[in-house]
Amino acid sequence: MNDSLSRETLDELAQKLVQADRVGVLTGAGVSRESGVPTFREADGLWNRFRPEELANVNAFISNPERVWEWYQWRRDLIGKVEPNPGHYALAEMEQLLEQFTLVTQNVDNLHRHAGSDRVIELHGNIMRNKCHNCGVIVETEIEFAEGELPKCEACGGMIRPDVVWFGEMLPADAIEQAWNEARQCDVFFSVGTSAIVYPAAQLPFEAKAAGAYLVEVNPQKTDLTRLADLYIGTPSGEAMPKVVDALKRALEK
């Protein structure tokens, strides 16, 4: 394991990226935190009286959908005020530089797509997107709220909800299957800004390593994954990933 960000280390990593057939990345809350996105459990004012588990679950939505929607509108307003950081933009650029690249994220804030990433697997959904609670159809049109009236699905009449995974719900089967397949096929796999404790997503780097991938961890704090990493970069992603991309561009120019 190496935790250096020296020119030599970056150039060696860049060579592995150039030679790789497939590259995968898992991102977590640390990447968004660098943009100022409040963590899931941060709240103020009215919402201090509630635990996230009391709001982000099906029972809460069924029993009091107005309150759940108010909380999610509050969260959307907070996220709408932040911008992608250099780490987001570096990952989007890496996607453009590599032929086979997949980004898997635990984050729901849409910042990867905002930064330009296209091949994104959103394990926990996207807070800026809505779906029908009954039939699951994605609602593309903007949701409008009328006093005392919640938006309903045009297809089946069911209640519209944020397209995020709530407590007690399974991750989207297609998303987790695709993420697992990518992890097992990668030659290089990055774990970026994640604590490696939220399962099943936290298992992806371990799966990649077990399948023979060169494992890179980018995180200011060491985790349970660090001991297995071939390269540990102990700096924030907004500092580390632009340097990785610069090294990759140098390698591709040779």
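On a predicted model such as this, the values are computed, not experimentally measured, just so you know. (Residues numbered from 1 in each chain as written. Predicted model: local features only at pLDDT ≥ 70, side-chain atom pairs only at ≥ 80, totals over all residues. Heavy atoms only, no water.)

Enquirer: What am I meant to see in the overall build of the chain here?
Expert: Across its full length, the chain holds 10 helices and 9 strands. Computed over the C-alpha atoms, the radius of gyration of the chain is 19 Å, within 12% of the 18 Å expected from 2.2 N^0.38 for a compact globule of 254 residues. Here the C-alpha coordinates of the chain stretch approximately 60 × 35 × 30 Å along the principal axes. Every one of the 254 residues in the chain was classed for burial, and the buried ones make up 50%. Put simply, of all contacts in the chain between residues at least 6 apart along the chain, 66% involve residues at least 24 apart. Only carbon and sulfur atoms are counted for the fraction: they give 46% of the accessible area of the chain, which is about 12500 Å². Between the mean site of the 25 positive side-chain charges and the mean site of the 39 negative ones, the chain shows a separation of 4 Å. (Helix = DSSP H or I, 4+ residues; strand = E, 2+ residues; numbered from the N terminus. Rg over C-alpha atoms; globule rule 2.2 N^0.38 Å. Buried < 20%, exposed > 50% of the residue type's maximum accessible area, 1.4 Å probe, protein only. Contact = heavy atoms within 4.5 Å. Areas by Shrake-Rupley, 256 points an atom, 1.4 Å probe, with all protein chains shown as cover. Lys, Arg positive; Asp, Glu negative; His and termini not counted. Charge placed at Lys NZ, Arg CZ, Asp CG, Glu CD.)

Enquirer: Help me out: how do you make sense of the packing of aromatic side chains in this one?
Expert: To describe a pair of aromatic rings, you give the distance between the ring centres and the angle between the ring planes. Within this structure, the stated rule accounts for 3 aromatic pairs. On the numbers, 5.0 Å between centres and 70° between planes, the contact of W71 with Y72 is edge-to-face. For Y72, a relative accessible area of 1% translates into the label buried. Judged by centre distance (6.3 Å) and plane angle (40°), the rings of Y72 and W166 are tilted. You can see Y72 sitting in helix α5 (residues 65-79) and its partner W166 sitting in the loop between β6 (160-164) and α8 (173-185), a full 94 residues away along the chain. Residue W166 is classed as buried on the basis of its relative accessible area, which comes to 2%. Between the NZ or CZ atom of K16 and the centre of the ring of Y214, over which it lies, the distance is 4.7 Å. (Phe/Tyr/Trp six-rings, centres within 6.5 Å; stacked < 30°, edge-to-face > 60°. Lys NZ or Arg CZ within 6 Å of the ring centre and 35° of its normal.)

Enquirer: Can you walk me through the pattern of salt bridges in this structure?
Expert: Pairing between side chains of opposite charge can happen when their charged atoms approach one another. Inspection of the entire model under this criterion finds 13 salt bridges. A salt bridge links R7 to D11, with the shortest nitrogen-to-oxygen separation between them at 3.2 Å. Here D11 and R7 lie together in helix α1 (residues 7-19), a separation of 4 residues that amounts to about one turn. Judged by its relative accessible area of 53%, R7 is exposed. (Salt bridge = Lys/Arg side-chain N within 4 Å of Asp/Glu carboxyl O.)

Enquirer: It is not clear to me how the pairing of strand β4 (residues 125-132) should be interpreted in this structure. Could you clarify?
Expert: Walk down a regular strand and you will see the side chains alternate between the two sheet faces. Pairing of β4 with β6 involves 5 bridges; the strand directions are antiparallel. If you follow K131 over to β6, its bridge partner there is R161. Bridging between β4 and strand β5 (residues 138-139) involves 2 bridges; their strand directions are antiparallel. Pairing of K131 across the sheet is with I138, part of β5. Connecting the antiparallel pair β4 and β5 is a turn made up of 5 residues, with G136 showing a positive phi of about 80°. (Pairing = 2+ DSSP bridges.)

Everything listed here is a matter of coordinates, which is why it stays silent on function.
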